[in-house]
Amino acid sequence: MTAALLEVRDLHAGYGRVAVLDGVSLEVPERGLVALVGSNGAGKSTLLRALSGLLRGTTGTIIFGGETLNGAAPAAIVRRGLLHVAEGRRLFRAQSVRDNLALGLWGTRLSKADAAARFDRVYTLFPTLHERQGVRAGILSGGQQQMLAVAQALMHAPRLLMLDEPSLGLAPAVIDQLLDAVVQLRNDGCAILLVEQMVERALQIADTAYVLQNGRVIGHGAARDLRDSDLVRQAYLGAGAKPPAPSIHSSRSPA
Ligand SMILES: Nc1ncnc2c1ncn2[C@@H]1O[C@H](COP(=O)(O)OP(=O)(O)OP(=O)(O)O)[C@@H](O)[C@H]1O
Ligand SMILES: [Mg+2]
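Quick caveat: nothing in here was measured; it's all calculated off a predicted structure.

## Here we look at the domain arrangement of the chain
1) Next: Split by domain assignment, the chain resolves into domain 1 (6–81 + 158–250) and domain 2 (92–152).
2) Next: Taking only C-alpha atoms, the centre of domain 1 and the centre of domain 2 are 25 Å apart.
3) Next: With eleven residues of domain 1 in contact, the opposing surface of domain 2 contributes nine residues.
4) Next: Contact between domain 1 and domain 2 buries roughly 860 Å² in total, counting both sides, with carbon and sulfur atoms accounting for 77%.
5) Next: It is Leu178, Ala181 and Leu185 that lose the most area in domain 1 upon contact with domain 2, and together they represent 38% of the buried surface on that side.
6) Next: Counting across the domain 1 and domain 2 interface gives zero salt bridges.
7) Next: Where domain 1 meets domain 2, there are zero residue pairs in polar contact (both at pLDDT 80 or more).
8) Next: Looking at the side of domain 1 that touches domain 2, the elements that each hand over two or more residues are strand 7 (160–164) and helix 7 (172–187).
9) Next: When residues of the side of domain 1 that touches domain 2 are assigned to their parent elements, the largest contribution, six residues, is made by helix 7.
10) Next: A class-by-class count of the residues in the side of domain 1 that touches domain 2 yields eight nonpolar, two polar and one charged.

This is the structure in structure tokens:
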């Protein structure tokens, strides 16, 4: 068996004295599309922040591409190819689409030809951005801004892209376009860790999924099995759901 691209073991993280993640373990294989689902406040965004080095004082083990990431600075983590597109589309609103993408190349020291190839790649994936390359980011539609936020991360040619709720606030047709691009990216060889509130859609496109509740992984397995199990409903609705189907690896200890 090949080693996972990302391997997280017993991760604890939080904000000052507020503990949020309580021993999270998960794996993202090379070229894998892994969904992370769970209700509001479960700790999904906190997990992505811990992995991208934005939270201090985390404990546990994070191994990425065979190397330990614990304690590495965010910029060093980006250089190793682990990119995080946070909630909320943080763009340079007064700058053009093209300038936002150029800023995405910061720190990469590419040759002109290689930089041009990166632009070509994101413009092929998101033709709308090519059409609107001279337009200020601040006047793009919500969907186009989200595409630009993803494209900016892609300028680093990530090995693993972590997306935090990319569909938030977008119309269904735009969500489909974005998630199609996510599948395309995975098919092109980029591993994806997807946090998504459109749970059904996320489980349709993912290979495997993890269910997070109160800072713990309460189950994981093949995404199609999780779609049919009550575990996900349980994570969103709390009590009242039946036990998980046997094909799912529930992390609950028997009562
Ligand atoms: N900056 C912060 N300071 C203190 N506590 C925080 C901070 N950000 C989040 N929290 C708390 O950490 C817990 C987990 O939050 P987190 O944002 O990781 O959840 P989430 O699963 O991403 O939820 P959502 O689906 O609403 O995005 C929540 O109880 C939240 O109130
Ligand atoms: Mg969140």
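## As for the site of ligand 1
1) Next: The full set close to ligand 1 counts 13 residues, and Gly41, Gly43, Lys44, Ser45 and Thr46 are the nearest of them.
2) Next: Here an oxygen atom of ligand 1 sits 3.2 Å away from a polar atom, N or O, in the main chain of Ala42.
3) Next: Broken down by element, the residue count for the shell around ligand 1 peaks at four residues, all from helix 1 (residues 44–51).
4) Next: The residue makeup of the shell around ligand 1, split by class, is three nonpolar, six polar and four charged.

## Concerning the packing of helix 3 (residues 97–104) against helix 4 (residues 112–125)
1) Next: Between helix 3 and helix 4, whose axes approach to 11 Å, the crossing angle comes to 125°. One way to sum up the angle between helix 3 and helix 4 is to call them oblique. In this structure, helix 3 crosses over helix 4, and the sense of that crossing is right-handed. Each of Arg98, Leu101 and Ala102 in helix 3 lies in contact with helix 4, whose residues at this interface are Phe119, Val122 and Tyr123.
2) Next: Residue composition of the contact of helix 3 with helix 4, by class: five nonpolar, no polar and one charged.

## Considering helix 3
In an α-helix there are 3.6 residues to a turn, and that puts residues three or four apart on one side.
1) Next: Taken together, the buried positions of helix 3 are occupied by Val97, Asn100, Leu101 and Gly104. Projected down its long axis, helix 3 carries its buried residues within an arc of 100°, all on one side.

## A look at the pairing of strand 4 (residues 59–64)
Each regular strand carries side chains that alternate between the two faces of the sheet.
1) Next: Across five bridges, the pairing between strand 1 (residues 6–15) and strand 4 is antiparallel. Note on strand 4: the bridge partner recorded for Leu6 is Phe64.
2) Next: Looking at chain direction, strand 4 and strand 5 (residues 67–68) are connected through two bridges and run antiparallel. Directly across from Ile63, in strand 5, lies its bridge partner Thr68.
3) Next: In sequence, strand 4 turns back onto strand 5 through a hairpin of two residues, with Gly65 there showing a positive phi of about 55°.

Basis of the calculations
- Numbering of residues starts from 1 in every chain and runs along the sequence as written.
- Here the convention is simple: chains get letters from A, ligands get numbers from 1, in the order in which they are written.
- Local features in a predicted model are, by the rule used here, given only for residues with pLDDT of at least 70; side-chain atom pairs are given and counted only at 80 or more, and totals for whole chains, interfaces and linings are based on all residues.
- Excluding hydrogens and water, the side-chain figures rest on all heavy atoms present in the structure.
- For the domains described, the bounds stem from an automatic or database domain assignment.
- For this analysis, residues touch if any pair of their heavy atoms sits within 4.5 Å.
- The buried area of a pairing is the accessible area, by a 1.4 Å probe, that goes missing from both parts when the two are put together, added over both.
- We define a salt bridge as a side-chain nitrogen of Lys or Arg found within 4 Å of a carboxyl oxygen belonging to Asp or Glu.
- Under this definition, polar contacts are N or O atom pairs within 3.5 Å; protein pairs additionally need one hydrogen-donor-capable and one acceptor-capable atom, and for neighbouring residues in sequence, both atoms have to be side-chain atoms.
- In this text, helices come from DSSP runs of H or I with a minimum length of four residues, and strands from runs of E with a minimum of two, each type numbered from the N-terminal end.
- Under the convention adopted here, Pro, Cys and the residues Ala, Val, Leu, Ile, Met, Phe, Trp and Tyr are nonpolar, Asp, Glu, Lys and Arg are charged, and Gly plus all remaining residues are polar.
- Put simply, a residue is near a molecule or strand once any heavy atom of it comes within 4 Å of that molecule or strand.
- Axes here mean lines fitted to C-alpha atoms, for a helix over just the part in contact, with angles spanning 0 to 180 degrees between N-to-C directions.
- These descriptions rest on fixed angle ranges, namely under 35 degrees for roughly parallel, over 145 for roughly antiparallel, 65 to 115 for roughly perpendicular, and the rest for oblique.
- It is the rotation of the near helix from the far one that decides the hand of a crossing: anticlockwise by less than a right angle makes it left-handed, clockwise makes it right-handed.
- Relative accessible area decides the class of each residue, using a 1.4 Å probe on protein chains only: under 20% of the type maximum gives buried, over 50% gives exposed, and in between gives partly exposed.
- To obtain the arc, one takes the directions from the helix axis to the C-beta atoms.
- Pairs of strands are assigned from DSSP output, requiring at least two bridges between the strands.

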